[in-house]
Amino acid sequence: EEEGDIRKRIEAVNVSLKRIKFSPETYVQITVSPTKTDEFNRFKGDLKRCLSHGIMPAPEEQERIYTNIRELIARFDKEPEWTNRVTDVRNWLEYGVRELYLADNKEAQYYSASSGKSGGQKSLLAFTILASAITAQYGLSGEKEDVNRFRLMVVDEAFGKTDEENSQRALELFKELGLQLVVINPFDAKSRIVEDYVDSYHLVTKQDEVSSLRRASRAEYESVREVN
């Protein structure tokens, strides 16, 4: 059931991703397939053997099934790290991303966990999927009735390790989707990236172990910056 839920959530995200341009000519889709890792496949096989004859097995099957269940529970107790790993259903699946052309839906690129893509490409891909997942979570379809829907998103130092170009592309994407952002950043050169997307500032300072919060509108901030 949990595996099915994951697949349904990915389907919902893919619907949102199809409406978002990854580049001027492409969009992306998340792919999911059963893992090829023996460890998880063996565990799934062990589970099936415990349930292969339903909840009311024939008498001649009961002892064998009881033995299978007892051995599995004993291993759970003996190997907690293995237990946590194999019972996390997310590990039962392998994920990738297809980049497709808008014009004909043909594949432009495929991204996997082992893909040797640049940090900027991976950041843009992560931001695109994140934004799409949020629109799916909030049930945003891009229709007019979505205008007044709640869509708050808190971004905590997300742009500290990405280059300026990809950070701006991510901010443009969030703006296009109408997401309401609270951007948390150190007040340094990196924070200048978000200046054009901010309506107001809240600056936290600390002096003598006392923290204080100052608020400034965009216009107030601009006037002070021009003077300095």
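Residues numbered from 1 in each chain as written. Predicted model: local features only at pLDDT ≥ 70, side-chain atom pairs only at ≥ 80, totals over all residues. Heavy atoms only, no water.

Asker: What is the right way to read the overall build of the chain from this model?
Answerer: When helices and strands are tallied, the chain shows 7 helices and 7 strands. Start at the N end of the chain and walk to the C end: the helices and strands fall as α-β-α-α-α-β-β-α-β-α-β-β-β-α. Sequence-distant contacts, at least 24 apart, represent 59% of the contacts inside the chain between residues at least 6 apart. Accessible surface, the chain as shown: approximately 15,500 Å² in total, 51% of it carbon and sulfur. (Helix = DSSP H or I, 4+ residues; strand = E, 2+ residues; numbered from the N terminus. Contact = heavy atoms within 4.5 Å. Areas by Shrake-Rupley, 256 points an atom, 1.4 Å probe, with all protein chains shown as cover.)

Asker: Teacher, can you tell me more about the nonpolar core here?
Answerer: Note on soluble globular proteins: their nonpolar side chains tend to be buried together. One finds F22, V28, F43 and L125 to be the most contacted residues of the largest nonpolar core, which totals 20 residues. Among the elements of the structure, α1 (2-17), β1 (26-34), α2 (38-51), α4 (80-86), β2 (93-101) and α5 (119-137) are those that each provide at least two residues to this core. With 4 residues, α1 is the largest single contributor of residues to this core. Not counting residues up to four positions away in its chain, the partners in contact with F22 are Y27, V28, E99, Y111, L124, L125, T128 and R169. Among the nonpolar cores identified, the runner-up in size contains 18 residues, and V155, A170, I193 and V198 belong to it. (Core = buried A, V, L, I, M, F, W, Y, C linked by side-chain atoms within 4.5 Å. Buried < 20%, exposed > 50% of the residue type's maximum accessible area, 1.4 Å probe, protein only.)

Asker: Help me understand the side chain of N68 in this model?
Answerer: Among the secondary structure elements, N68 is positioned in helix α3 (residues 59-78). According to the relative accessible area criterion, N68 is buried, its value standing at 18%.

Asker: Help me understand the environment of R214, please; the structure alone is not making it clear to me.
Answerer: Here R214 lies in strand β7 (residues 210-217). Owing to a relative accessible area of 59%, R214 belongs among the exposed residues under this scheme. Sequence separation of R214 and H202 is 12 residues, and the distance between their C-alpha atoms is 5.5 Å. When near neighbours in sequence (up to four residues on either side) are disregarded, R214 contacts Y201, H202 and L203.

Asker: Would you mind showing me how to read the sheet that holds strand β3 (residues 107-111) here?
Answerer: Strand pairing within a sheet occurs via backbone hydrogen bonds; the two strands may be parallel or antiparallel. Taken together, 3 strands build an open sheet; the order of strands is β1-β2-β3 and the sheet is antiparallel. Only two strands of the sheet have a single partner each, and these edge strands are β1 and β3. Direction aside, the axes of adjacent strands within the sheet are offset by 25° on average. With 4 bridges joining them, β2 and β3 adopt antiparallel strand pairing. The residue bridging E99 from the neighbouring strand is Q109, located in β3. Against the sheet, α1 engages β1 and β2, with an angle of about 170° to β1. (Pairing = 2+ DSSP bridges. Axes fitted to C-alpha atoms, helices over the stretch in contact; angles between N-to-C directions.)

Asker: Is there a simple way to explain the pairing of strand β4 (residues 152-156) in this structure?
Answerer: Two faces, one strand: in a regular strand the side chains alternate between the faces of the sheet. What you see with β4 is a clean split: M153 and V155 sit on the buried side and L152, V154 and D156 on the side with no burial. Bridge count between β4 and strand β5 (residues 180-184): 5 bridges; the pairing is parallel. The partner of V155 across the bridge, within β5, is V183.

Asker: Just to check I follow, could you spell out unusual backbone geometry for this structure?
Answerer: Note on backbone geometry: most residues besides glycine have negative phi, and most peptide bonds are trans. Even without a glycine there, the phi angle at N105 is positive, about 65°. Looking at the secondary structure, you find N105 in the loop between β2 and β3.

Asker: I'm lost on a nonpolar patch on the surface in this one. Help?
Answerer: A cluster of nonpolar side chains, F150, L152, V154, V182 and I184, forms an exposed patch at the surface whose accessible area comes to about 440 Å². Where the nonpolar patch is concerned, the elements lending two or more residues are β4 and β5. In this structure, I184 sits in strand β5. What makes I184 partly exposed here is its relative accessible area of 39%. (Patch = residues over 30% accessible without salt bridge, like charges linked within 9 Å, V, L, I, M, F, W, Y side chains within 5 Å. Salt bridge = Lys/Arg side-chain N within 4 Å of Asp/Glu carboxyl O.)

Asker: I keep staring at α1 and nothing clicks. Help me out?
Answerer: If you check α1, its first and last C-alpha atoms are 22 Å apart, about what 16 residues at 1.5 Å a residue would give, namely 22 Å. Within the sequence span of α1, burial applies to E3, I6, I10, V13, N14, S16 and L17. Relative to the axis of α1, the buried residues are bounded by an arc of 155° and lie together on one face. Exposed side of α1, more than 90 degrees from the buried face: K8, E11 and V15 are the residues found there. (Expected span 1.5 Å × (residues − 1). Arc of directions from axis to C-beta.)

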